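Listed below, chain by chain, are the residues.
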Amino acid sequence: MHAKLLIETSDPQSFEYIIEEKNSKEDPSIYIKGPYAMADDVNKNKRSYCPKEMETEVKRYTEQMIDTKRALGELNHPTSADVDLERACHLVTELVPSSDNSNIYIGKSKVLSTPSGLIVQSLIKDGCSVGMSTRSLGKLVPMEGSDDVSRVKDMRLVAIDCVADPSFGEAFVNGILESKQYVLNRYGDYVEAYENLEKGLSNLPKSDVEEYIKENVLSFLQAMRSK
């Protein structure tokens, strides 16, 4: 199953920054809260997410990642579907439907004391606006009756990253990144099988070319079958 890496960014002006002080001896905790994801409506990237799929995926992400305190987000979104711990800047603590619109999901994140997290803290304290950008895998299916709008199918939420967006457009819809393709295997995990295959074939040896290609193709097929 082929899947694109999809980035959807919210408007930084939609977010609030919460500073919680425990006592005079401890540094205050900083939280970011606002609209993290949207379903049904067509966004500026000309994409629409199925409300039922979004609901199911948010439930999975909450149970597997948020509830287990593994829902880390990076400072600026990468081109990979992997979460780099060295770039982690915040931990998503909740993601729930808005009381005003069930297709809008309001998230809250604790800004970490990691190097990247300290950058985010400094930006907030200095009055800069930052927002959140969802990083997901999914298939783009053209919507009937529209030449340029796609429906996202088989969505899998990978991470929610902290970003700065200079535009002041509508919420939820400023970023896009589809520079890589990924593969979802039968267990729902993703592997960068295509990229590994391309790298292997880009370094063809001067001899035993046929055997080299065979090894790389077999490695690719094994990645497709693995969990």
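Cut-offs used in this document
- Residues numbered from 1 in each chain as written.
- Predicted model: local features only at pLDDT ≥ 70, side-chain atom pairs only at ≥ 80, totals over all residues.
- Heavy atoms only, no water.
- Helix = DSSP H or I, 4+ residues; strand = E, 2+ residues; numbered from the N terminus.
- Buried < 20%, exposed > 50% of the residue type's maximum accessible area, 1.4 Å probe, protein only.
- Contact = heavy atoms within 4.5 Å.
- Areas by Shrake-Rupley, 256 points an atom, 1.4 Å probe, with all protein chains shown as cover.
- Phe/Tyr/Trp six-rings, centres within 6.5 Å; stacked < 30°, edge-to-face > 60°.
- Lys NZ or Arg CZ within 6 Å of the ring centre and 35° of its normal.
- Salt bridge = Lys/Arg side-chain N within 4 Å of Asp/Glu carboxyl O.
- Arc of directions from axis to C-beta.

What the chain contains, in helices and strands, is 4 helices and 11 strands. By the burial criterion, 44% of the 227 residues in the chain qualify as buried. Residue pairs in contact within the chain that sit at least 24 positions apart in sequence constitute 65% of those at least 6 positions apart. With the model as given, the accessible surface of the chain reaches about 12600 Å², and the carbon-plus-sulfur share is 50%.

On to the packing of aromatic side chains, then. For any pair of aromatic rings, the description rests on two quantities: the centre-to-centre distance and the angle between the ring planes. Applying the stated criterion across every chain, the model contains 1 aromatic pair. When the ring of phenylalanine 15 is compared with that of tyrosine 36, the centres are 5.9 Å apart and the planes differ by 40 degrees; the resulting orientation is tilted. Taken together, the positions of phenylalanine 15 in the loop between strand S1 (2-9) and strand S2 (16-20) and tyrosine 36 in strand S3 (residues 29-38) put the pair 21 residues apart, joining distant regions of the chain. The exposure classification of phenylalanine 15 matches that of tyrosine 36, with both residues buried. The ring of tyrosine 31 has lysine 108 lying over it, and the distance from NZ or CZ to the ring centre is 4.7 Å.

What the rule picks out here adds up to 8 salt bridges. Between glutamate 57 and arginine 60 there is a salt bridge, and its shortest N-O distance comes to 2.5 Å. Of this pair, glutamate 57 and arginine 60 both sit in helix H1 (residues 51-66), 3 residues apart, roughly one helical turn. Note on accessibility: glutamate 57 and arginine 60 belong to one class, buried. Taken together, the shared-partner salt bridges in this structure form one network comprising Glu74, Arg87, Arg135 and Asp161.

This next bit is on H1. Burial in H1 covers these residues: Met54, Glu57, Val58, Arg60, Tyr61, Met65 and Ile66. End-on view of H1: buried residues confined to an arc of 165 degrees, all on one side of the axis. Check the buried side of H1 and you find it contacts S3, strand S4 (47-49), strand S6 (88-97), strand S7 (104-111) and strand S9 (150-163).

In this section: the environment of isoleucine 18. Looking at where isoleucine 18 falls in the secondary structure, it is placed in strand S2. Distance from isoleucine 18 to serine 29, taken between C-alpha atoms, is 8.1 Å for residues 11 residues apart in sequence. Beyond its immediate chain neighbours, meaning those up to four positions away, isoleucine 18 contacts Ser29, Ile30, Tyr31, Lys33 and Lys108.

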